[in-house]
Protein chains: 2
Amino acid sequence: MRIITISREFGSGGRELGKRLADLLACDYYDSEIVHAVAQKSGMDAGYVADTLSNHGWQDMALTFRGTLSSPTYFQASKVALLLQQKKVLEEIAALGKDCVIVGRNADVILKDYAPFNIFVCASTEAKVQRCQERAPEGENLTEKELLRKMKKIDEVRAQTRAIMSDAAWGQRSAYHITINTTGWDIKALVPAVADFAGRWFERKK
Amino acid sequence: MRIITISREFGSGGRELGKRLADLLACDYYDSEIVHAVAQKSGMDAGYVADTLSNHGWQDMALTFRGTLSSPTYFQASKVALLLQQKKVLEEIAALGKDCVIVGRNADVILKDYAPFNIFVCASTEAKVQRCQERAPEGENLTEKELLRKMKKIDEVRAQTRAIMSDAAWGQRSAYHITINTTGWDIKALVPAVADFAGRWFERKK
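This write-up is about the structure you can find in this document. From a predicted model like this one, the values you see are computed outputs, not experimental measurements.

**Some words on the packing of helix 1 (residues 14-25) of chain B against helix 9 (residues 187-204) of chain B**
Think of two packed helices as two axes; the pair is described by the angle between the axes and how far apart they sit.
All names here are of chain B.
Then comes step 1: The interhelical angle for the contact between helix 1 and helix 9, taken along N-to-C directions, is 60 degrees, at an axis separation of 9 Å. Classified by the interaxial angle, the pair formed by helix 1 and helix 9 is oblique. Between helix 1 and helix 9 lies a crossing whose hand is right-handed. Where helix 1 approaches helix 9, its residues Glu16, Leu17, Arg20, Leu21, Leu24 and Leu25 are matched on the opposing element by Ile187, Lys188, Leu190, Val191, Pro192, Val194 and Ala195.
Then comes step 2: Looking at the contact of helix 1 with helix 9 residue by residue, the class counts come to ten nonpolar, no polar and three charged.

**Description of the relation of the copies chain B and chain A**
Then comes step 1: When chain B is fitted to chain A, the best match, at an RMSD of 0.0 Å, comes from turning it 180 degrees and sliding it 0.0 Å along the axis. Expressed as a symmetry operation, the mapping of one chain copy onto the other fits a two-fold axis. Proximity to the rotation axis, assessed at the C-alpha, singles out Thr179 of chain B in chain B; its C-alpha lies 2.4 Å from the axis.

**So, the sheet that holds strand 2 (residues 28-30) of chain A**
Then comes step 1: Within the open sheet, the ten strands sit side by side as 2(A)-3(A)-1(A)-4(A)-5(A)-5(B)-4(B)-1(B)-3(B)-2(B). Their pairing is mixed. At either end of the open sheet lies a strand with only one pairing partner, and these are strand 2 of chain A together with strand 2 (28-30) of chain B. Ignoring strand direction, the axes of neighbouring strands in this sheet form an average angle of 20 degrees.
Then comes step 2: Taken together, the five bridges between strand 1 (residues 3-8) of chain A and strand 4 (residues 117-122) of chain A define a ladder with parallel strand orientation. Looking across to strand 4 of chain A, one finds that Ile6 of chain A is bridged to Ile119 of chain A.

**Looking at the interface of chain B and chain A**
Then comes step 1: At the junction of the two partners, chain B supplies 27 residues and chain A supplies 27 residues.
Then comes step 2: Taking both partners together, chain B and chain A bury about 2,300 Å²; carbon and sulfur atoms supply 60% of that area.
Then comes step 3: On the chain B side of the contact with chain A, Arg173, Trp185 and Phe197 of chain B bury the most area, a combined 30% of that side's loss.
Then comes step 4: Taken together, the connections running from chain B to chain A amount to two salt bridges.
Then comes step 5: Between Glu9 of chain A and Arg173 of chain B there is a salt bridge; the shortest N-O distance is 2.6 Å.
Then comes step 6: The interface formed by chain B and chain A contains 13 residue pairs in polar contact (both at pLDDT 80 or more).
Then comes step 7: Among the elements of the structure, strand 4 (117-122), strand 5 (178-181) and helix 9 of chain B are those that each provide at least two residues to the side of chain B that touches chain A.

**Observations regarding unusual backbone geometry**
Residue and element names in this part refer to chain A.
Then comes step 1: The backbone of Ala115 shows a phi angle near 50 degrees, a positive value even though the residue is not glycine.
Then comes step 2: Tracing the chain through its elements places Ala115 in the loop between helix 6 (107-110) and strand 4.
Then comes step 3: On the accessibility criterion, Ala115 (29% relative accessible area) is partly exposed.

**Some details on the environment of Met44 of chain B**
Residue and element names in this part refer to chain B.
Then comes step 1: Tracing the chain through its elements places Met44 in the loop between helix 2 (32-42) and helix 3 (46-55).
Then comes step 2: We classify Met44 as partly exposed; its relative accessible area is 35%.
Then comes step 3: Sequence separation between Met44 and Thr179 is 135 residues; the distance between their C-alpha atoms is 35 Å.
Then comes step 4: If sequence neighbours within four positions are ignored, Met44 has contacts with Ala39, Val49 and Leu82.

**Focus: the pairing of strand 3 (residues 100-103) of chain A**
Residues in a regular strand project their side chains so that they alternate between the two faces of the sheet.
All names here are of chain A.
Then comes step 1: By the alternation rule, side chains of strand 3 split into Cys100 and Ile102 and Val101 and Val103, which are all buried.
Then comes step 2: With four bridges joining them, strand 1 and strand 3 adopt parallel strand pairing. Across the sheet, residue Ile6 finds its bridge partner in strand 3, namely Val103.

**Looking at the nonpolar core**
Then comes step 1: Ile119 and Phe197 of chain A together with Ile119 and Phe197 of chain B are the most contacted members of the largest nonpolar core, which has 50 residues in total.
Then comes step 2: Not counting residues up to four positions away in its chain, the partners in contact with Ile119 of chain A are Ile4, Thr5, Ile6, Ser7, Leu21, Tyr176, Ile178, Ile180 and Val194 of chain A.

**A closer look at helix 1 (residues 14-25) of chain A**
Residue and element names in this part refer to chain A.
Then comes step 1: With twelve residues, helix 1 extends 16 Å between its outermost C-alpha atoms, agreeing within 8% with the 16 Å of an ideal straight helix rising 1.5 Å per residue.
Then comes step 2: Taken together, the buried positions of helix 1 are occupied by Gly14, Glu16, Leu17, Gly18, Leu21 and Ala22.
Then comes step 3: Considering only its buried residues, helix 1 is in contact with strand 1, strand 2, strand 3, strand 4, helix 7 (125-134) and helix 9 (187-204).
Then comes step 4: Positioned one or two residues after helix 1, Ala26 has a phi angle of 50 degrees, which is positive.

Cut-off values and rules
Residues numbered from 1 in each chain as written. Chains lettered and ligands numbered in written order. Predicted model: local features only at pLDDT ≥ 70, side-chain atom pairs only at ≥ 80, totals over all residues. Heavy atoms only, no water. Axes fitted to C-alpha atoms, helices over the stretch in contact; angles between N-to-C directions. Helix = DSSP H or I, 4+ residues; strand = E, 2+ residues; numbered from the N terminus. Parallel < 35°, antiparallel > 145°, perpendicular 65-115°, else oblique. Left-handed = near helix turned anticlockwise from the far one by under 90°. Contact = heavy atoms within 4.5 Å. Nonpolar A, V, L, I, M, F, W, Y, C, P; charged D, E, K, R; others polar. Least-squares fit on C-alpha atoms with pLDDT ≥ 70 in both. Pairing = 2+ DSSP bridges. Buried area = accessible area lost by both parts, 1.4 Å probe. Salt bridge = Lys/Arg side-chain N within 4 Å of Asp/Glu carboxyl O. Polar contact = N/O pair within 3.5 Å; in protein donor to acceptor, adjacent residues only side chain to side chain. Buried < 20%, exposed > 50% of the residue type's maximum accessible area, 1.4 Å probe, protein only. Core = buried A, V, L, I, M, F, W, Y, C linked by side-chain atoms within 4.5 Å. Expected span 1.5 Å × (residues − 1).

Just distances and angles here, no functional claims.
Structure below.
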């Protein structure tokens, strides 16, 4: 079984790379599917789950709720519970024994016993801003400043969440097999190069 | 003309990767050749040039000579002069108009107008220590602790020297097209994957 994991900076095109890679390799692809499975298991709304996992850091849950009747501990516990559910979903996916590409969710750390090929995707700030602007959801009209703040925030949460699970920091080059800068690439043209690289990695292990 | 530059952590196998890549692509390869050319141009000993460029940071030249009659400024000026000579040698290499692989020397920054494909090579600390121990020069018997100190020192000098030339920090992922972790690879098996990746990059630009 070959598992390829993709970690990425927000706006770098990591998700598109993952999707196209799974298409090229004709294997399973997991991204928001995981959030839906976690929501189902927890009996919670998928939007709430996605928001809790992606948009709220650990510190700011404490800040948001400090001084109110809600205990910050409750919300942190709720996030921890969702992360544990997510871990379980990832393990179930791996237990299927099928080749797959998994985007995000710290799958590289959680599934390390399956010896996945781990990719980190980055891009220049300019390229990420441009990509986000071109692909903004309907009705979202963030200024460049707001977009930069959002990018920074989401990447910070990713780094924080990873820090709970691994000593190797999010984005730290030696924690991944390869770090790819998508700046200047058409993702379509990049995909076969990545597939070839990963294929040689798995071949070399035989 | 296709120029591939390789920046690397000490002990990561970046030089071997560069040499084998040039062999596979049947193109020119530059590494210590550059130091020899700089030495020749400066009328200095190649060993002295290599040592000055690689082993002495900016701060520690000042520290070493502070309090003696020698002015630190003189030694820093001498290092700057050697770096300028090195820049000139790199520009002469590029002006030949031939495909090549260049290891180190901040060639990615100096030759940026030639749109090189820029690779950063890293590895886990354990892998780097093992590699250095296996390939230690005759008569060098460093303890692991000494080796770690040497690795750290050389990489610090590389980072300092780069900082003089570029805003993008040494090793910063978005400053390179690809960052490759050689841990677990036989470099021989890795080379075709890298050649393929770089080839697709140059092709995509046409």
